[in-house]
Amino acid sequence: MTSFAVLISGRGTNLAALLEAVSEGRLRARMAFVGSDNSEAAGLETARKSGIPTHLLDYGSGKEKAEQSLARLCRDGEVQWIVLAGFMRILSPSFVASFRGRIVNIHPSLLPSFPGPDGIGDAWRYGVKVTGVTVHLVDEGVDTGPILAQRAVEIHPGDTPELLRERIQRAERQLYWKTLSELFSSTPH
Ligand code: GRF
C-alpha cells in the first residue's frame, strides 16, 4: 500500500481531513508518520489521538540536520510521498531533489497568484472576487511547482477575512484527499 508522511507546523485541519479520509477508506494509503518543526503544533495531538507516530523535526540544530533526520524517517518508514499540510519551512533544493516529484503541497490561493505565507490575507487585501485553493508538486521555489488541482472560492459581498478563511478551509478539506488519491493511484511506487 502507498505510504505517506505529513508535515505540519500548526493547527492541522488539513491533517485531520486526511486522517478522516484514510480511516473512512476514501484515501487508500498508509499515513506513516506526522512530522512537525513546532512542538506546539495542535495537529500533533490530532495525529497521536489517531495512533499515528509523530516526530519533532529539530530545526533548532539547523535545516541540514532536520532534513537528514526527516530523510531517515522516510527511509525507515518506507515512505513514498511527503505531504505538506501547513508546513511553514522551505525544504532545501537538495532535499527536494532527493524526493523529486514526490512532495505535495496545498496552498490557499489560486497559484501563481498570492504565493507565500499569507495567501488568504493577500488575496483579501488585493480585493479579488475569486480566489481558491491549489494542490501542487513541490519544486525548489516557494509555492511553485506543477499544479495538480485547483478549486475556485468566491468572495461574497459582506464577507470578512474570517468567513473567507472558513470557505477556503472547506475547499481544502474537499480537494486534498481527492487529489492525493488520484495521484497515488496513477503513479507507480
Ligand atoms: C492551509 O490553509 C494550507 O493551505 C496552508 O497552510 C494552512 C494550514 O492549515 N499551506 P492547517 O494547519 O491544515 O489547519
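Residues numbered from 1 in each chain as written. Predicted model: local features only at pLDDT ≥ 70, side-chain atom pairs only at ≥ 80, totals over all residues. Heavy atoms only, no water.

(A) Broad picture of the pairing of strand E6 (residues 130-137). Within E6, seven of the eight residues are buried, which leaves the element mostly enclosed by the surrounding structure. Taken together, the four bridges between strand E5 (residues 103-107) and E6 define a ladder with antiparallel strand orientation. By the bridge assignment for E6, histidine 107 is matched with threonine 134. Of the strand pairs in this sheet, E6 and strand E7 (residues 147-154) are connected by seven bridges, and their pairing is antiparallel. (Buried < 20%, exposed > 50% of the residue type's maximum accessible area, 1.4 Å probe, protein only. Helix = DSSP H or I, 4+ residues; strand = E, 2+ residues; numbered from the N terminus. Pairing = 2+ DSSP bridges.)

(B) The site of the ligand, seen in detail. Close to the ligand lie Arg11, Gly12, Thr13, Asn14, Gly86, Ile106, His107, Pro108 and Glu172. Interatomic distance of 2.9 Å between a backbone N/O atom of isoleucine 106 and a nitrogen atom of the ligand. Contacts to the ligand include glutamate 172, whose side-chain N or O atom sits 2.3 Å from an oxygen atom. Protein contact buries 87% of the 360 Å² of open area that the ligand shows by itself. (Near = heavy atom within 4 Å. Polar contact = N/O pair within 3.5 Å; in protein donor to acceptor, adjacent residues only side chain to side chain. Areas by Shrake-Rupley, 256 points an atom, 1.4 Å probe, with all protein chains shown as cover.)

(C) Summary view of the sheet that holds E7. Spatial strand order, E3-E2-E1-E4-E5-E6-E7: seven strands in an open sheet with mixed pairing. The two strands at the open ends of the sheet, each matched to only one other strand, are strand E3 (54-56) and E7. Between one strand axis and the next, the sheet turns through 20° on average, direction left out of account. Bridging between strand E2 (residues 30-36) and E3 involves three bridges; their strand directions are parallel. Paired with glycine 35 across the bridge in E3 is histidine 55. Its contacts with the sheet put helix H6 (residues 161-186) on strand E1 (3-8), strand E4 (81-84), E5, E6 and E7, and the angle it makes with E7 is roughly 155°. (Axes fitted to C-alpha atoms, helices over the stretch in contact; angles between N-to-C directions. Contact = heavy atoms within 4.5 Å.)

(D) Inspection of the packing of aromatic side chains at higher detail. Following the criterion strictly, the structure yields five aromatic pairs and no others. Ring centres 5.5 Å apart and planes at 15° place the aromatic pair phenylalanine 95 and phenylalanine 99 in the stacked group. Assigned by exposure class, phenylalanine 95 and phenylalanine 99 land together as buried. Through a chain of ring-to-ring contacts, three or more aromatic side chains come together here, namely Phe4, Trp81 and Phe184. Directly above the ring of tryptophan 177 sits arginine 26, whose terminal nitrogen or CZ lies 4.7 Å from the centroid. Sitting over the face of the ring of tryptophan 81, arginine 102 holds its NZ or CZ atom 4.8 Å from the ring centroid. (Phe/Tyr/Trp six-rings, centres within 6.5 Å; stacked < 30°, edge-to-face > 60°. Lys NZ or Arg CZ within 6 Å of the ring centre and 35° of its normal.)

(E) How the structure looks around the environment of proline 53. Locating proline 53 in the fold gives a position in the loop between helix H2 (42-49) and E3. A C-alpha to C-alpha distance of 6.4 Å links proline 53 and valine 34, two positions 19 residues apart in sequence. Leave out the neighbours within four places in its chain, and proline 53 touches Ala32, Phe33 and Val34.

(F) Region of the structure containing the side chain of arginine 167. Within the secondary structure, arginine 167 sits in helix H6. Those residues in contact with arginine 167 that lie beyond four places of it in its chain are Val153, Glu154, Ile155, His156 and Asp159.

(G) Seen up close, the pattern of salt bridges. Evaluated as defined, the whole model comprises eight salt bridges. Between glutamate 45 and arginine 48 there is a salt bridge; the shortest N-O distance is 3.0 Å. Of this pair, glutamate 45 and arginine 48 are both found in helix H2, three residues apart, which corresponds to roughly one turn of the helix. Judged by relative accessible area, glutamate 45 falls into the partly exposed class, the value being 39%. Classification of arginine 48 as partly exposed rests on a relative accessible area of 45%. Here arginine 125 and aspartate 122 are joined by a salt bridge, their closest N and O atoms 2.9 Å apart. Residue arginine 125 and its partner aspartate 122 are located together in helix H5 (residues 119-126), separated by three residues, close to a single helical turn. Salt bridges here are not isolated pairs; linked through shared partners, they connect Glu20, Glu24 and Arg26. (Salt bridge = Lys/Arg side-chain N within 4 Å of Asp/Glu carboxyl O.)

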